[in-house]
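What follows is each chain in one-letter form.
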Amino acid sequence: MKIIVCKDYAEMSKKATEMVAALVKSKPDCTLGLATGSTPEGLYAGLVEKYESGEISFAKVNTVNLDEYYPIDPKNDQSYRYFMNQKLFDHIDINKNNTHVPNGLAKDVEKECAEYDELVKKLGVDIQILGIGRNGHIGFNEPDTYLVPGTHVTDLTQNTIEANSRFFASADEVPKKALTMGIGSILSAKQIIMLVSGANKKEAVAKLLTGNLYTDCPATMINLHDDVTLIVTEDAYR
Ligand code: GLP
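I will try to describe carefully the structure that is included in this document.

What counts as what
Residues numbered from 1 in each chain as written. Predicted model: local features only at pLDDT ≥ 70, side-chain atom pairs only at ≥ 80, totals over all residues. Heavy atoms only, no water. Helix = DSSP H or I, 4+ residues; strand = E, 2+ residues; numbered from the N terminus. Contact = heavy atoms within 4.5 Å. Pairing = 2+ DSSP bridges. Axes fitted to C-alpha atoms, helices over the stretch in contact; angles between N-to-C directions. Parallel < 35°, antiparallel > 145°, perpendicular 65-115°, else oblique. Left-handed = near helix turned anticlockwise from the far one by under 90°. Nonpolar A, V, L, I, M, F, W, Y, C, P; charged D, E, K, R; others polar. Phe/Tyr/Trp six-rings, centres within 6.5 Å; stacked < 30°, edge-to-face > 60°. Buried < 20%, exposed > 50% of the residue type's maximum accessible area, 1.4 Å probe, protein only.

**So, the side chain of T151**
Within the element layout of this structure, T151 appears in the loop between β6 (127–130) and β7 (152–155). When sequence neighbours within four positions are dropped, the list of residues in contact with T151 reads C113, Y116, D117, T180, M181, G182 and S185.

**Here's the deal with the sheet that holds strand β8 (residues 177–180)**
The strand order β4-β8-β7 describes an open sheet built from 3 strands, whose pairing is antiparallel. Of all strands in the sheet, those with a lone pairing partner are β4 (67–70) and β7, marking the two edges. Taking each pair of neighbouring strands and ignoring which way they run, the sheet shows an average axis angle of 30°. Relative to β8, β7 runs antiparallel, the two being bridged by 4 bridges. Residue pairing across strands places D155 opposite K177, the latter belonging to β8.

**Some remarks on the packing of helix α1 (residues 9–26) against helix α2 (residues 41–52)**
Between α1 and α2, the least distance of the axes is 8 Å, while the angle of their chain directions is 50°. As summarised for this structure, α1 and α2 are arranged oblique, according to the angle between their axes. α2 is crossed by α1, and the crossing has right-handed handedness. Contacts from Y9, S13, A16, T17, E18, V20 and A21 of α1 reach α2 at E41, G42, L43, G46, L47 and K50. Looking at the contact of α1 with α2, its residues break down into 6 nonpolar, 4 polar and 3 charged.

**Description of the packing of aromatic side chains**
In this structure the tally under the stated criterion is 4 aromatic pairs. Between the aromatic rings of Y69 and Y80, the centroid separation amounts to 4.8 Å while the plane-to-plane angle is 45°, which identifies the pairing as tilted. With Y69 in strand β4 and Y80 in helix α3 (residues 80–87), this pair connects stretches of sequence that are 11 residues apart. Y69 gets classed as buried once you look at its relative accessible area, which sits at 1%. Its relative accessible area of 10% is what places Y80 among the buried residues. When the ring of Y69 is compared with that of F140, the centres are 5.5 Å apart and the planes differ by 45°; the resulting orientation is tilted. Taken together, the residues Y69 in strand β4 and F140 in the loop between β6 and β7 connect sequence positions 71 residues apart.

Structure, rendered in C-alpha cells:
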C-alpha cells in the first residue's frame, strides 16, 4: 500500500484531485468508482475546478457509486444520487446516463443487486474512491462476522445510523438499510484510492495498517489489493 500523509483536508483533496484528473486525461473514457460522505467533497470540488478551467472533460467518463440508502427516493435530498448530482454531476459535462448509483426505490432488490454487479463488471472500474466509516465500514459493508462479495442489501449498524444522522433531521429518519457494492465488487477495481481525514478515523486506520484482514473492520479487506493508495491526514494517521 502506498501511503501519502497530508497535513490537512485541503492537501488530501488536492492529491486525490491530481490522481483522478491524471486518469481522466490519459483515459477519457475511464470508469470512476465514486463514494459519498463528507471526505470526498473536496475531491469533487477539485474536479469541478479542473473541468471549469478546461483542463479535463468528463464527456466520455462513466461512473459507478458504491452505495445508496434503501429505501430512498433519488429525489430526496439525503439520497446519495442527490448528493452526487449536487456535488459533482450537475457541474461537469458528464452524460447523466453514464452515471450509476444503486436504485433506492428498486422493487426487486435481488435483481437490482445482480444487475449492478453486472454493470460494474462490464464497465470495469479504473479507480475506486473510498472513504471509511469510523467503525471501519467501506461503502455500507458494515463490521460483521462475515462479509459479502457482491452487491447486496444490508442493515446499517446503530453506530452508522448515529454517525449519518447529522445529515438528517433526526436519527429516526435515517433509513435502516442500504444497497452496497460488496467487498468483491470493490476489490475488482484496477486501482483503489482511500481518503481518510479526522482523528475519529484513527482506530480504523490503525487496524488497516496492520496489514491483516478483520471482518469487524471491513476496510482492512483492501489489504488484499495490490494497487492501493491511502491518502490520509496527519490527525488520522497513527
Ligand atoms: C457513509 C458512506 C461511506 C463513507 C462513510 C464515511 O456512510 N456509506 O461510503 O465512506 O460513511 O463518511 P464521512 O466521509 O462523512 O466520514
